[in-house]
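Fold and contact review
Single-letter residue listing:
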Amino acid sequence: MPLDSTGKISFDHIYAEPDPRAFFDTLGGVGYHIPQLAKPYFTKLIEEYRAERGVAEPTVLDVGCSYGVNAVLQRCDATMDELYDYYTGEDALALDHDSLVAADRKWVRSHAGTEEIRFIGLDNSGPALAYAKSAGFVDEIIHADLEQDDPTPEQQDLLSDVDLVISTGCIGYVTDRTIARVATESRPWMAHFVLRMFSYEPVAETLAEQGYETAGVDGVFRQRRFASDEERTQILDKLASAGVDPDGLESDGWLYAQLYISRPAGAGTELADVLNAVSA
């Protein structure tokens, strides 16, 4: 597979499929588990928001949501291993598209009421978004490239209802332009898992202009293994150029991310301290 402009292997093809079977087959081969590691942090973030704001059913925007993986982990209390086993297993592979959608909708309905969260998925992949919505993983979708374009009035209406923003790897592909457009009206709390090869500083600086404070959460989080020797070389070179020490982390063959919390009204550090108590 070719490298993209960041130096990473391009997985664009798996986001163009009408369902997530290729997504899980491909990413399972490189040990992609960052949504599982992120799950308890997102759960705690939602709990803190409910408690402080008194919102029983918060609206969560997942930026770069693809097939709605973060949503289904929360909504159905699923694990990544369960999703890998299911979507690469004989039963799922034997289903046609409509039958797979129906099976997933039934699964989501069986968990109705266990976690009251409204999910909005934002992505530039139409097929991935369509599946996430059809399967019931997310409630609403925004098919847009907010790097280039302002949201439409209809999209802005959805963004105006957002309480929390999450992501597990899109920063670096999306920049402060997208995040600023998301934050403009509703001023949501944010939690972004950002690969160490990318800097969150431009996002933090732009959000600071809107009254946000950003703080990092302790630790690092494995995203996936390098997919090739060429990718490993490119990423290590990029880290070296950025002054990031890969010793004992990326040098051992894995991409690693850090978690950043951005919250308005100067309360980012306080929220990060709360999340430091979470065990992934």
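Our structure's up above, just so we're on the same page.
An account of the accompanying structure is given in this report. (Residues numbered from 1 in each chain as written. Predicted model: local features only at pLDDT ≥ 70, side-chain atom pairs only at ≥ 80, totals over all residues. Heavy atoms only, no water.)

**Digging into the pairing of strand E1 (residues 59-63)**
Walk down a regular strand and you will see the side chains alternate between the two sheet faces. Counting buried positions along E1 gives five out of five residues, so the element sits mostly inside the fold. Burial of the side chains of E1 extends over both faces: Thr59, Leu61 and Val63 are buried on one face and Val60 and Asp62 on the other. Sheet topology note: the E1/strand E2 (residues 118-123) ladder contains five bridges and is parallel. Along E2, the bridge assignment pairs valine 63 with leucine 122. (Buried < 20%, exposed > 50% of the residue type's maximum accessible area, 1.4 Å probe, protein only. Helix = DSSP H or I, 4+ residues; strand = E, 2+ residues; numbered from the N terminus. Pairing = 2+ DSSP bridges.)

**Observations concerning the nonpolar core**
One finds Leu61, Leu83 and Phe193 to be the most contacted residues of the largest nonpolar core, which totals 86 residues. At seven residues, helix H2 (residues 34-53) tops the list of elements feeding residues into this core. Among all residues touching leucine 61, those that are not within four sequence positions of it are Ile120, Leu122, Ile142, Leu159, Val162, Leu164, Val165, Ile166 and Val182. (Core = buried A, V, L, I, M, F, W, Y, C linked by side-chain atoms within 4.5 Å. Contact = heavy atoms within 4.5 Å.)

**Re the packing of helix H4 (residues 80-87) against helix H6 (residues 97-110)**
Their axes nearest at 13 Å, the elements H4 and H6 cross at an angle of 150°. It follows from the interaxial angle that H4 and H6 lie roughly antiparallel. H4 and H6 meet at a crossing whose hand is right-handed. Residue-level inspection shows Leu83, Tyr86 and Tyr87 of H4 in contact with H6, the latter providing Leu100, Ala103, Asp104 and Trp107. Considered class by class, the residues forming the contact of H4 with H6 number six nonpolar, no polar and one charged. (Axes fitted to C-alpha atoms, helices over the stretch in contact; angles between N-to-C directions. Parallel < 35°, antiparallel > 145°, perpendicular 65-115°, else oblique. Left-handed = near helix turned anticlockwise from the far one by under 90°. Nonpolar A, V, L, I, M, F, W, Y, C, P; charged D, E, K, R; others polar.)

**Details of the side chain of glutamate 250**
With respect to the helices and strands, the residue glutamate 250 is situated in the loop between helix H11 (229-241) and strand E8 (254-264). Once residues within four sequence positions are removed from consideration, glutamate 250 is found in contact with Arg196, Phe226, Leu236, Leu239, Asp245, Leu255 and Tyr256.

**Some words on the side chain of arginine 75**
Locating arginine 75 in the fold gives a position in helix H3 (residues 69-75). At a separation of 2.5 Å, a polar atom in the side chain of arginine 75 contacts the main-chain carbonyl oxygen of isoleucine 117. In this structure the side chain of arginine 75 is engaged in a polar contact, spanning 2.9 Å, whose partner is the backbone oxygen of phenylalanine 137. (Polar contact = N/O pair within 3.5 Å; in protein donor to acceptor, adjacent residues only side chain to side chain.)

**What to know about the pattern of salt bridges**
Oppositely charged side chains are able to pair whenever their charged atoms sit close together. One pass over the full model with this rule turns up nine salt bridges. Salt-bridge contacts for arginine 263 lead to glutamate 52; the nearest nitrogen and oxygen are separated by 2.4 Å. You can see arginine 263 sitting in strand E8 and its partner glutamate 52 sitting in helix H2, a full 211 residues away along the chain. Here arginine 263 falls in the buried class, since its relative accessible area comes to 6%. Exposure remark for glutamate 52: the relative accessible area of 44% places this residue in the partly exposed category. (Salt bridge = Lys/Arg side-chain N within 4 Å of Asp/Glu carboxyl O.)

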